[in-house]
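Each chain, written out:
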Amino acid sequence: MALTSHSWLFLSAAFLSVGAEISITPEPAQPAEGDNITLTVHGLLGELLAYSWYAGPTLSLNYLVASYIVSTGDETPGPAHTGREAVRPDGSLDIHGVLPRHSGTYILQTLNRQLQTEVGYGHLQVYEILAQPVVMANDTALVERRDTLRLTCSSPSPAEVRWFFNGEALPIAIRLGQSADGRVLTRHGVRREEAGAYQCEVWNPVSVSRSEPINLTVYYGPERVAILQDSTTRTGCTIKLDFNTSLTLWCVSQSCPEPEYVWAFNGRDLKNGRDHLNISSMTAAQEGTYTCIAKNPKTLLSGSASVVVKLSAAAVAMTIVPVPTKPMEGQDVTLTVQGYPKDLLVYAWYRGPASEPNRLLSQLPSGNWIAGPAHTGREVGFANCSLLVQKLNLTDAGRYMLKTVTLQGKTETLEVELQVAPLE
C-alpha cells in the first residue's frame, strides 16, 4: 500500500509511542525578523518513512505546516504553511525570511517502517527589528508642586522598555512612579529636579532603539529674593552712603523663568522693570526704604526684599557744597545742601547777612517758593533746600546764608562762600 502524506496521520493515533527523545533547536538561537533559520532536529532513530511538521500546540490538521516522504522527497504543504517553510531530508525545517508571526511552538512527528511515531517539541522566538519609539508628555512645561508629570513611551512593539534622563539611565525608583509594563512614568507634584531631557528605549536580544529626547521645563519661584550691593547681600539691612556718591542695587532670586521686577521707594512705584536700580548722586532726598518685588508670570508667585538707604553719619550735619566748586562767569552753580532737616517747615536763602533786604527766596510748607527783595530772577530753590544760581556774573560772588526752621521750631543757620572766576 502506498503511504500518502495524509493517510499516515490517521495511523499515528494507534501507533504513537511515548517517551520520544526527539529535540528541536532553532539556528540561530535568537533570530531576528528577516533571517533564514533552521529548526534543527536531534535524536532521530531508525529508518524513517515520513516527517510531519506542525506550527501550534497540538497535532491538529489546522496546524500542519508540511508533510515529507523520505523515500521520494515529496513535500506536501498543510493549512499552516506560509510559503516560507521547507522540510529537509534529515527532518529539519527551514524557514526563509522569518517573521515575528512565526514565533511559537513547533512539533515534529515522525513515522518509521514499523508504523510507529515519535514526537519532538521545540519553541521558536523571532525578534523584530524595533522601530524608534516616541516619548509623549501630558505637558512639557509644568509648575512645581502643582502639576503632574506623565510620560508615555509609545512603540508598536511589546519589547522591554528602559528610560533615560539627560542621557543617563533614569533611576526610576527614586522619584517617579512606573506602570507595570514600564511604559508610563508619573510624578505627582513635579519638582524642579525633574526638568531635563527624557528618552525611552525599547530593546530585545537582537535590536535596540532609542527615542528622540523630549525636554521638560519645570517653573518655580521666585524664592530667596534678595538685594545685592556689589555682589554682597544687603537684604534687610541699612546701607549708608556719603553725600553725592552713587549706588547700584541688584535684585536676585531663584526662579524659572526669570521673574519680572518692580522697584518701590518708600512704598511708591519707581516704574523700573529692570533687575537693578541706580542711585547716581546720593542726597537726603534719596534716603528711605527701597523694595524689590519679583513676580513669576508662570507660577503666579511673588517675593520681595527691602533695604534702607541713608546718608552716612558724616553727612548728617548740614553742609553746603557748591557744584561746581569753582564756577566761572556765565556758568550755573548749585549750592547743594547736605543733611537738611527731615522735619523741615520752611527755609530761606540770603545774600550776605540774614536780613529781610538780603533775602533771595523762601520755600513754604506747600512746596512753593517766594522771591525776596534780593532775587535777580536767576535764582531757583529746591525742596532739599539747595539753591541754583544761573548765568553767574562777578557780582554774584560772596557770602550766601541758608536759614532753616523745623516743625518743632528749631532754627539753624549755615553760610557758604561762593567764588566766581572771571572769563579770560
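Residue positions are counted from 1 within each chain, in the order its sequence is given. Owing to the predicted nature of the model, reporting of local features is limited to residues with pLDDT of at least 70; listing and counting of side-chain atom pairs is limited to 80 or more, with chain, interface and lining totals taken over all residues. To get the side-chain values, take all heavy atoms of the structure and skip hydrogens and water.

- The name recorded for the protein in an unreviewed UniProt entry is Cell adhesion molecule CEACAM16, from Mustela putorius furo.
- The record in UniProt for the protein states the following under Function (unreviewed entry): "Required for proper hearing, plays a role in maintaining the integrity of the tectorial membrane."
- UniProt positions are given in the numbering used here, feature names are shortened, and annotations may be inferred rather than shown by experiment. The protein has a UniProt comment under Sequence similarities (unreviewed entry) that states "Belongs to the immunoglobulin superfamily. CEA family."

1. What about the overall build of the protein?
Line of reasoning, step 1. Secondary structure is summarised from DSSP: a helix means a run of H or I of at least four residues, a strand means a run of E of at least two, and numbering begins at the N terminus for each. Within the protein, the secondary structure is distributed over two helices and 36 strands.
Line of reasoning, step 2. In terms of overall size, the protein is more extended than a compact globule, its C-alpha atoms giving a radius of gyration of 48 Å where 424 residues would be expected to give roughly 22 Å.
Line of reasoning, step 3. Dimensions of the protein along its principal axes, counting C-alpha atoms only, are 155 × 50 × 30 Å.
Line of reasoning, step 4. The cut-offs for exposure are 20% and 50% of the maximum accessible area for each residue type, with area from a 1.4 Å probe on protein chains only; residues under the lower value are buried, those over the upper are exposed, and the others partly exposed. Expressed as a percentage of the 424 residues in the protein, the buried residues total 43%.
Line of reasoning, step 5. For the protein, restricting intrachain contacts to residue pairs at least 6 apart in sequence, the fraction spanning at least 24 positions comes to 56%.
Line of reasoning, step 6. Of the roughly 21600 Å² of accessible surface on the protein, 52% is carried by carbon and sulfur atoms.
Line of reasoning, step 7. Neither His nor the chain termini are counted; the positive set is Lys and Arg, and the negative set is Asp and Glu. Charge positions come from single atoms, namely NZ of Lys, CZ of Arg, CG of Asp or CD of Glu. Each charge sign in the protein was given a centre, from 32 positive and 40 negative side chains, and these centres are 15 Å apart. This radius of gyration counts C-alpha atoms alone. The globule rule is 2.2 Å times how many residues there are, raised to the power 0.38. Residue contacts are counted whenever heavy atoms from the two residues lie within 4.5 Å of one another. Here the accessible surface of atoms and residues is derived via Shrake-Rupley with a 1.4 Å probe, and residues count as covered only by protein chains that are part of the display.

2. Re the layout of surface pockets
Line of reasoning, step 1. If you add up the space inside the largest pocket, you get close to 190 Å³.
Line of reasoning, step 2. Cavities and pockets were defined on a 1 Å grid built from protein atoms only: a cavity is a group of points that admits a 1.4 Å probe but offers it no way out, a pocket is an open group of points flanked by protein on both sides within 12 Å along at least five of seven lines, and a lining residue is one with an atom within 4 Å of any such point. In terms of lining residues, the largest pocket is bounded by Tyr-340, Pro-341, Lys-342, Leu-344, Leu-345, Val-346, Tyr-347, Gln-363, Leu-364, Pro-365, Gly-367 and Ala-383.
Line of reasoning, step 3. Counting residues per element, the lining of the largest pocket draws most heavily on strand β30 (residues 344–351), which supplies four residues.
Line of reasoning, step 4. Its residues placed into classes, the lining of the largest pocket shows nine nonpolar, two polar and one charged. Grid points are joined across faces, edges and corners, and a volume is the space filled by probe spheres set on the points. As a working rule, the residues Ala, Val, Leu, Ile, Met, Phe, Trp, Tyr, Cys and Pro are called nonpolar, Asp, Glu, Lys and Arg charged, and the rest polar, with Gly in that last group.

3. Quick word on the pairing of strand β22 (residues 247–256)
Line of reasoning, step 1. Being paired, for any two strands, means DSSP has found at least two bridges between them. In the sheet, strand β19 (residues 214–229) pairs with β22 via five bridges, with the strands oriented antiparallel. Opposite Glu-223, over in β22, you have Gln-254 as the bridge partner.

4. Some points on unusual backbone geometry
Line of reasoning, step 1. In this structure, the amide linkage connecting Gly-221 to the following residue, Pro-222, adopts the cis form with an omega of 10°.
Line of reasoning, step 2. Tracing the backbone through its elements, the reader meets Pro-222 in strand β19.
Line of reasoning, step 3. Cis geometry is adopted by the peptide bond preceding Pro-257, which originates at Cys-256 and carries an omega value of 0°.
Line of reasoning, step 4. Mapping Pro-257 onto the fold places it in the loop between β22 and β23 (260–265).
Line of reasoning, step 5. A positive phi is found at Asn-166, a non-glycine position, where the angle reads about 55°.
Line of reasoning, step 6. In this structure, Asn-166 sits in the loop between β13 (160–165) and β14 (168–169).
Line of reasoning, step 7. Its relative accessible area of 47% is what places Asn-166 among the partly exposed residues.

5. Some remarks on the environment of Val-405
Line of reasoning, step 1. Checked against the element boundaries, Val-405 lands in strand β35 (residues 398–406).
Line of reasoning, step 2. As a C-alpha pair, Val-405 and Tyr-347 span 58 residues in sequence and 6.2 Å in three-dimensional space.
Line of reasoning, step 3. Sequence-distant contacts of Val-405, that is, excluding residues within four places in its chain, are made with Leu-344, Leu-345, Val-346, Lys-410 and Thr-411.

6. As for the pattern of salt bridges
Line of reasoning, step 1. In the sections that follow, a salt bridge refers to a side-chain nitrogen of Lys or Arg positioned within 4 Å of a carboxyl oxygen of Asp or Glu. Within this structure, the stated rule accounts for 14 salt bridges.
Line of reasoning, step 2. Two residues, Glu-194 and Arg-187, come together in a salt bridge whose shortest N-O distance is 3.3 Å.
Line of reasoning, step 3. The exposure class of Glu-194 is buried, given its relative accessible area of 1%.
Line of reasoning, step 4. Classification of Arg-187 as buried rests on a relative accessible area of 15%.
Line of reasoning, step 5. In this structure, Asp-396 engages Arg-351 in a salt bridge whose closest nitrogen and oxygen atoms are separated by 3.1 Å. One end of the pair, Asp-396, is in the loop between β34 (387–389) and β35; the other, Arg-351, is in strand β30, and 45 residues separate them in sequence.
Line of reasoning, step 6. Three or more residues are tied together by salt bridges with common partners; here these are Arg-351, Arg-378, Glu-379 and Asp-396.

7. Some details on the state of the cysteines
Line of reasoning, step 1. We call a pair of cysteine sulfur atoms a disulfide whenever their separation is within 2.5 Å. For the coordinates displayed, the defined rule picks out two disulfides.
Line of reasoning, step 2. With a sulfur-sulfur separation of 2.1 Å, Cys-153 is cross-linked through a disulfide to Cys-200. With the S-S bond torsion at 70°, the cross-link from Cys-153 to Cys-200 turns out right-handed. Of this pair, Cys-153 sits in strand β12 (residues 149–154) while Cys-200 is found in strand β17 (residues 196–204), placing the two residues 47 residues apart along the sequence.
Line of reasoning, step 3. Residue classification places Cys-153 among the buried residues on the basis of a relative accessible area of 3%.
Line of reasoning, step 4. What makes Cys-200 buried here is its relative accessible area of 0%.

8. As for the sheet that holds strand β10 (residues 134–137)
Line of reasoning, step 1. Read from one edge of the open sheet, four strands run β10-β12-β16-β15, paired in antiparallel fashion. The two strands at the open ends of the sheet, each matched to only one other strand, are β10 and β15 (177–178).

9. Points about the environment of Asn-62
Line of reasoning, step 1. Secondary-structure assignment places Asn-62 in the loop between β3 (48–55) and β4 (64–69).
Line of reasoning, step 2. Judged by relative accessible area, which is 59%, Asn-62 ranks as exposed.
Line of reasoning, step 3. Once you skip the residues sitting within four places of it in the chain, Asn-62 turns out to touch Pro-79 and Ala-80.

10. Focus on the packing of aromatic side chains
Line of reasoning, step 1. Note on ring pairs: Phe, Tyr and Trp rings are taken, using the six-membered ring of Trp, and paired if centres are within 6.5 Å. Classes follow the plane angle, with under 30 degrees stacked, over 60 edge-to-face and the rest tilted. Summed over the entire model, instances satisfying the criterion amount to three aromatic pairs.
Line of reasoning, step 2. Ring centres of Tyr-51 and Tyr-68 lie 5.9 Å apart, and the angle between their planes is 20°; on these two criteria the pair is classed as stacked. Note that Tyr-51 is positioned in strand β3 and Tyr-68 in strand β4, a separation of 17 residues in sequence. Summarising the burial analysis for this pair, Tyr-51 and Tyr-68 share the class buried.
Line of reasoning, step 3. The positively charged end of Arg-192 is found above the aromatic ring belonging to Tyr-220, 3.9 Å away from the centroid. In this scheme, the term charge over a ring applies when either NZ of a lysine or CZ of an arginine sits within 6 Å of the ring centre and within 35 degrees of the ring normal.

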